[in-house]
Each structure stands twice: as structure tokens, then as C-alpha cells.
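# Residue-level structure breakdown
One letter stands for each residue in the lines below.
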Amino acid sequence: MKRSMLTFILALMLLPVLGVLGQEEINWMDITQLEAAMANESKPVFFDVYTDSCGWCKRMDKTTFKHPEVVALINEKFHPVKFNAERKESFKFQGYDFKFVKSGRRGYNEFAAALLNKSMSYPSYVALNEKFERITIIKGYQTSEELLKILDYLGNKHYIDQTWQEYKATSGNK
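These remarks concern the structure in this document. Numbers given for residues are sequential positions, taken from 1 along each chain in its written order. Only residues with pLDDT of at least 70 get local features here, since the model is predicted, and only at 80 or more are side-chain atom pairs given and counted; chain-wide, interface and lining totals rely on the full set of residues. Water and hydrogen atoms play no part in the side-chain values, which are based on all heavy atoms of the structure.

### Details of the layout of surface pockets
Here the largest pocket defines a volume of roughly 180 Å³. The way it works is a 1 Å grid over only the protein atoms, where trapped points that fit a 1.4 Å probe form a cavity and open points with protein on both sides within 12 Å along at least five of seven lines form a pocket, and then any residue with an atom within 4 Å of a point lines it. If you go around the largest pocket, the residues you meet are Phe-93, Gln-94, Tyr-96, Phe-98, Phe-111, Ala-114, Leu-115, Leu-128, Phe-132 and Arg-134. Per the convention used, a helix needs a DSSP run of H or I reaching at least four residues, while a strand needs a run of E reaching at least two, with both numbered from the N terminus. Elements that contribute at least two residues to the lining of the largest pocket include exactly β4 (96–98) and α5 (110–115). Among the elements that make up the lining of the largest pocket, the one with the highest residue count is α5 (three residues). We call Asp, Glu, Lys and Arg charged. Ala, Val, Leu, Ile, Met, Phe, Trp, Tyr, Cys and Pro are nonpolar, and the rest, Gly among them, are polar. For the lining of the largest pocket, the residue count by class is eight nonpolar, one polar and one charged. Grid points are joined across faces, edges and corners, and a volume is the space filled by probe spheres set on the points.

### Brief notes about the side chain of Asn-129
As for its position among the elements, Asn-129 is in the loop between β7 (124–128) and β8 (134–139). By the criterion applied in these results, polar contacts are pairs of N or O atoms within 3.5 Å in which, for protein atoms, one can donate a hydrogen and the other can accept it, and in which residues neighboring in sequence qualify only through two side-chain atoms. In terms of polar contacts, Asn-129 uses its side chain to reach the side chain of Glu-133, at 2.7 Å.

### What about the state of the cysteines?
Defined by distance alone, a disulfide is two cysteine sulfur atoms within 2.5 Å. The tally for this structure, following the rule as stated, stands at one disulfide. The disulfide partner of Cys-54 is Cys-57, and the gap between their sulfur atoms is 2.3 Å. Its S-S torsion of about 85° marks the bond between Cys-54 and Cys-57 as right-handed, since a negative value means left-handed.

This is the structure:
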């Protein structure tokens, strides 16, 4: 009895450590944390631009963003930022003040409009390089297989030397 209790207690103590090693979740950060993260470690940024009312956004969270390879690749190669396009709180980023704009039924945050080049569609994903320059905007639900190809292209900086079409043609239809 004592041995099984000791095993149980040790297992409970190891669970947090095993979770870190397995990286079961993307380490999403808020936009307000990004500049400090970049100062600490310079790497590309991957934005998930969503809204609370977006069904496809919720599906991404439950499926694609839970896929172990997607989790590992995003956590390793990017600073991942989850950004609610309808965020009402104002904030400062890169010296600019971004505010909520009342528009239509829901409104939007100015940062989402800038990030998405005013093409408000959800879910959308935006990759920025280390200088906060936009690499690309990806729109719509992505399966884990589709997103893995895109993340490899962006995270391994193939975009510097190849177009997306060239990359797909030279990397086994990735």
C-alpha cells in the first residue's frame, strides 16, 4: 500500500515536468508582452488573429493548435501571439497607441486592421520577421498538415530565397 501511494505521489510531482517536455500547448502571449520577448530573444512572430464569436477560430484552437508538431514548431521557431481583433482595451506597441473602433455590430481594434491590412477575416494568421515587418497573411481555417507546411516555410526562413510556389515545388509538394 505504501509503495503504491509513494508511486502515485511521485507521478503527481512529475506531471508538470513531463508537460513542459511534451509541450502540449502553444505558449501564446499577449501583444503587450511581445516587445519584451523580442528584446530577450529575437525570432519571427506568429499572430493568431481571432474573435470570440468565430467558430472556425475555436475549431483551430481545439484541433490544429493542439497537434503536437504544430505546437512544437510554433513554440520553437516563433513568438506566438494570440490577438482578439475585437479587443476593447487600448495598448501601446512600437510607439503607437492602438484603440478600439466602434464599427458595425462588433467593432475592431486598430491593431487588427493594421496587421490584416484592413481585410478583416477570421481566423487569420500573420507572420512578422524579427524587425516586425510583415512576411505574410494567411486566412481561414488550416488543418495541421497545411499549417505545418506553412510554418516550416516561415520558421525556417525559406521565404527569403523562394516563393511559396517554388518552395512547394522543390520540397516534395509540401
